[in-house]
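# Fold and contact review
Here is what each chain is made of, one letter per residue.
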Amino acid sequence: MSLKNALCAVTALTLITTTGAFAETITIATVNNGDMIRMQGLTDDFTKKTGHDVEWVTLEENVLRQRVTQDIAAKGGQFDVLTIGMYETPIWAGNEWLVSLEDLPASYDADDILPAMRAGLSHDGSLYAAPFYGESSMIMYRTDLMEKAGLTMPDAPTWSDVEAAAKGMTDKDNEIYGICLRGKAGWGENMAFITTVANSFGARWFDENWKPQLDTPEWKEAVSFYNNLLTTYGPPGASTNGFNENLALFQQGKCGMWIDATVAASFVTNPDDSTVADKVGFALAPNKEGVDKRSNWLWAWALAIPAGTQKEAAAKQFIEWATSKDYIELVASKEGWANVPPGARTSLYQNPEYQKVPFAAMTLESINAANPDSPTVKPVPYVGIQYVAIPEWAGIGTAAGQEFSAMVAGQQTVDEALAKAQANTAEEMEAAGY
Amino acid sequence: MARSVTTRRKTVNTLAAWAIGLLIFFPILWTILTSFKTEAQAINDPPLFFFFDWTLENYAVVQERSNYMRYLWNSVIIAGGSTVLGLIIAVPAAWSMAFVPSKRTKDILMWMLSTKMLPAVGVLYPIYLVFIELGLLDTRVGLTIVLMLINLPIIVWMLYTYFKEIPGEILEAARMDGATLKEEILYILTPMAIPGIASTLLLNIILAWNEAFWTLNLTAAKAAPLTAFIASYSSPEGLFYAKLSAASTMAIAPILILGWFSQKQLVRGLTFGAVK
């Protein structure tokens, strides 16, 4: 009798173990933004299709970056799927920290990924992270204020057009400021914007020999223009405004214009949150007359698999699911086309339903106008548009961001800010062995 | 005349105390108020104080999105466990330092305190590697041990200060009556030091509950406490202040209520021995 019981138990255990091998629980580290939260709400669909369960670790962007870097460098194995950006992907792939995604099945249609996104998420020609959503930057402006000022915004404006529009719309007595821009210090905050302005004035961070170029006339012209534009026509306290602060100002109708991430378009046109939802127009990020580079950036939040995970197969299945065409259809069916993750796949922009979304065409045009492999007029040794894809960038960019933020706050001049940023960058690069 | 001066001084003191109290409490009050606003109201300029359409929507969203009870339970286990474990180690340690001091007691106390002078991030990587080796990453046991170790110097110091106030003669008398060491600590010292132990316990639960460096760095999905729950609602790209405030309110509510009910013990313990 006891032998029979033992046999039964062994059989049951074997069955449980075998089924267990197929159904795994994967841990996914992610950031807190609208598209990611929507994905968390839809994971039942993934579990239904594959049998795998999902556990989420949601953290603020900078905390996540530090947490994930630490785990991946120490081989802690805490996460099976990582949400990482375009900045980290080529660096981490170069460190052999990520699993290549070149072997995704044909049904996934990897060729459908927008070429600019693919370029930014690859290393040595291989894809290491699949874009969940992508963004560029563009101008969002108040159509009613432009009309009142008797101005029209061209689809592809220059910085002079932007300055004229900012001047025309500014009405400080009624707390309307012609332009809102990022001033808050941080490599992902003001430096993302200032670097794109510099690109559009013909400046570059480093020459071909990795020598910092912040002491060049192009940088001086770009930073002086930015400083003048923001301090003359911008809101008070602009040196502490980041994405969220400017979003709040724009939604309350206090900005005539805002140049920032294309994903903001869905926020400012949402009547539940925005008081100006039906009065927003879009235009390409500007350039200086005669300069062949526009000031639009390129960014993607993408899903990657850390090398060494025990659940690589399940992790790959998840990435396939979350970045597939079917997922986009799923979101559209539940939440409408305006809420699907944008900027990742070409087919989305060919979809007639999505073409009806007011900011769809301008988002695609902005993304296509960005080329991370050739971000500047003059040649550079680095990849990246609003950042330089080297590990030292986070430190260099943050330090420079503090100088430029102090400049906007009126604590130092343009020349002083540039000289300090140049000296610090040169020191850091030398210490890093460039 | 003297009476009226006293009344005026009393009034001034009371007003000053209220003003300082309100100033300190204001961020918490603002968080609680914001949690009942819509996201648009949360960023309204001028800020809305009490006159807005109160909504519970944020709490509903947070409840739906996160498993609050799991985070809460992890917090209870980690904060409670680390404090109790710390007390078990610290009571005998403080007893020996207070009643049978050696030449090196003061140095040991200083050395214990000096471990708090190093920034936590300085030992993050070694501890992370040790945790990987021992399989303690993302476990409640691991976090309980780390938080106990982090707070142990404070527990020992606080208990040492309280024990020093207790006359050694009482313990001596117990020994003369034949009490063993265990009986002396358990039945004589501990009951006399109850206010001190209680305030140490409460303060350490609060410290462990709010600890956000180790709890964020050493957890992922399974052992994450309420600090990780709050962190999951912070976002640099998107306005989620009302939801973040709702999550924060839910995270601080239990410890706030505990503090409220035990404030008498807390104050008595913290001022224990201050007036002779």
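Predicted model, so just to flag it, every value in this text is computed and none were measured. Every chain begins its residue count from 1, and numbering advances along the sequence as written. A letter from A marks each chain and a number from 1 marks each ligand, given out in the order of writing. In view of the model being predicted, local features appear only for residues whose pLDDT reaches at least 70, and side-chain atom pairs are presented and counted only at 80 or more, with totals across whole chains, interfaces and linings using the full set of residues.

## Some thoughts on the domain arrangement of chain A
Residues and elements named next belong to chain A.
- Throughout, the edges of the domains are those of an automatic or database domain assignment. Taken as a whole, chain A is organised into domain 1 (2–135 + 299–355) and domain 2 (136–297 + 381–431).
- Each of domain 1 and domain 2 has a C-alpha centre, and these two points are 32 Å apart.
- Remark: residues whose backbone-derived C-beta atoms lie within 7 Å of one another are considered to be in contact. Domain 1 puts eight residues into the contact, and the matching count from domain 2 is eleven residues.
- Polar here means any residue outside two lists: the nonpolar Ala, Val, Leu, Ile, Met, Phe, Trp, Tyr, Cys and Pro, and the charged Asp, Glu, Lys and Arg; Gly therefore counts as polar. Across the side of domain 1 that touches domain 2, the residue classes break down as six nonpolar, one polar and one charged.

## A look at the nonpolar core
- The biggest cluster of nonpolar side chains holds 192 residues, and the ones touching the most others in it are Met-140 of chain A together with Leu-159 of chain B.
- Secondary structure is summarised from DSSP: a helix means a run of H or I of at least four residues, a strand means a run of E of at least two, and numbering begins at the N terminus for each. Counting residues per element, this core draws most heavily on helix H7 (residues 140–164) of chain B, at twelve residues.
- Two domains each provide a minimum of three residues to this core, namely domain 1 (2–135 + 299–355) and domain 2 (136–297 + 381–431) of chain A.
- Sequence-distant contacts of Met-140 of chain A, defined by excluding residues within four places in its chain, comprise Phe-250, Trp-258, Ala-264, Ala-265, Val-268, Val-280 and Phe-282 of chain A. As used here, a nonpolar core is made of buried Ala, Val, Leu, Ile, Met, Phe, Trp, Tyr and Cys residues. They are joined through C-beta atoms within 7 Å. The burial criterion counts other C-beta atoms lying within 10 Å of a residue's C-beta, which is placed from the backbone; the residue is buried at 20 or more, exposed at 12 or fewer, and partly exposed between these limits.

## Remarks on the packing of helix H9 (residues 190–200) of chain A against helix H10 (residues 217–233) of chain A
All names here are of chain A.
- Note on method: axes are straight lines fitted to C-alpha atoms, helices fitted across the in-contact stretch only, with angles between N-to-C directions ranging 0 to 180 degrees. It is the contact of H9 with H10, at a shortest axis distance of 9 Å, that shows an interaxial angle of 125 degrees. In this view, H9 runs oblique relative to H10, as classed from their interaxial angle. Crossing hand, H9 versus H10: right-handed. Residues Ile-194, Val-197 and Ala-198 of H9 form the contact with H10, whose participating residues are Trp-219, Ala-222, Val-223 and Tyr-226.
- Class assignment for the residues of the contact of H9 with H10 results in seven nonpolar, no polar and no charged. Throughout this description, any angle smaller than 35 degrees is read as roughly parallel, any larger than 145 degrees as roughly antiparallel, any in the 65 to 115 degree range as roughly perpendicular, and the remainder as oblique. Left-handed is the label given to a crossing in which the near helix is rotated counterclockwise from the far helix by less than a right angle, and right-handed is the label when the rotation is clockwise.

## Notes on the packing of helix H8 (residues 159–169) of chain A against H10 of chain A
Residues and elements named next belong to chain A.
- Running from amino to carboxyl end, H8 crosses H10 at an angle of 15 degrees, the nearest separation of the two axes being 10 Å. Taken together, the axes of H8 and H10 are roughly parallel relative to one another. Crossing geometry of H8 relative to H10 is assigned as left-handed. Each of Trp-159, Glu-163, Ala-166 and Lys-167 in H8 lies in contact with H10, whose residues at this interface are Phe-225, Leu-229 and Tyr-233.

## Focus on the pairing of strand S3 (residues 81–85) of chain A
Residues and elements named next belong to chain A.
- Counted residue by residue, S3 has four buried out of five residues, so it is predominantly covered.
- Strands are labelled as partners when DSSP assigns at least two bridges between them. Across two bridges, the pairing between strand S1 (residues 25–31) and S3 is parallel. Paired with Ala-29 across the two strands is Leu-82, which belongs to S3.
- With four bridges connecting them, S3 and strand S9 (residues 298–304) associate as antiparallel partners. Bridge pairing in S9 links Leu-82 to Ala-304.

## What about unusual backbone geometry?
All names here are of chain A.
- Despite not being glycine, Glu-96 shows a phi value in the positive range, around 60 degrees.
- A count of 11 C-beta atoms within 10 Å places Glu-96 in the exposed class.
- Here Glu-175, not a glycine, exhibits a phi torsion of approximately 55 degrees, which is positive.
- For Glu-175, the position within the fold is in the loop between H8 and H9.
- Using a count of 13 C-beta atoms within 10 Å as the deciding quantity, one classes Glu-175 as partly exposed.

## Some words on the environment of Met-429 of chain A
Residues and elements named next belong to chain A.
- Within the fold, Met-429 resides in helix H19 (residues 414–431).
- Looking at Met-429, the number of C-beta atoms within 10 Å reads 17, which means it is partly exposed.
- Each C-alpha atom of the pair Met-429 and Trp-210 lies 8.0 Å from the other, and the pair is 219 residues apart in sequence.
- When near neighbours in sequence (up to four residues on either side) are disregarded, Met-429 contacts Trp-210, Pro-212, Glu-392 and Tyr-434.

## So, the interface of chain B and chain A
- The interface is formed by 24 residues belonging to chain B together with 28 residues belonging to chain A.
- The set of elements that each furnish at least two residues to the side of chain B that touches chain A consists of helix H2 (39–42), helix H6 (124–134) and helix H11 (213–217) of chain B.
- Take the side of chain B that touches chain A: its biggest share by element is three residues, from H6 of chain B.

## Concerning the pairing of strand S6 (residues 130–142) of chain A
Residue and element names in this part refer to chain A.
- Here S6 lies mainly inside the structure; 13 of its 13 residues are buried.
- Across six bridges, the pairing between S6 and S9 is antiparallel. Within S9, the residue paired with Gly-134 across the bridge is Ala-300.
- Judged from the five bridges that link them, S6 and strand S7 (residues 257–261) form a sheet pairing that is antiparallel. If you follow Met-140 over to S7, its bridge partner there is Trp-258.
- Pairing analysis gives five bridges linking S6 to strand S8 (residues 280–284), with the strands arranged antiparallel. In the sheet register, Ile-139 faces S8, and the bridge partner there is Ala-283.

## Regarding the environment of Lys-222 of chain B
- Residue placement: Lys-222 of chain B occurs in the loop between H11 and helix H12 (226–231).
- Judged by the 16 C-beta atoms lying within 10 Å of it, Lys-222 of chain B falls in the partly exposed class.

## What to know about the environment of Trp-30 of chain B
- Topologically, Trp-30 of chain B is positioned in helix H1 (residues 2–34).
- Along the sequence, Trp-30 of chain B and Phe-49 of chain B sit 19 residues apart, while their C-alpha atoms lie 8.3 Å from each other.

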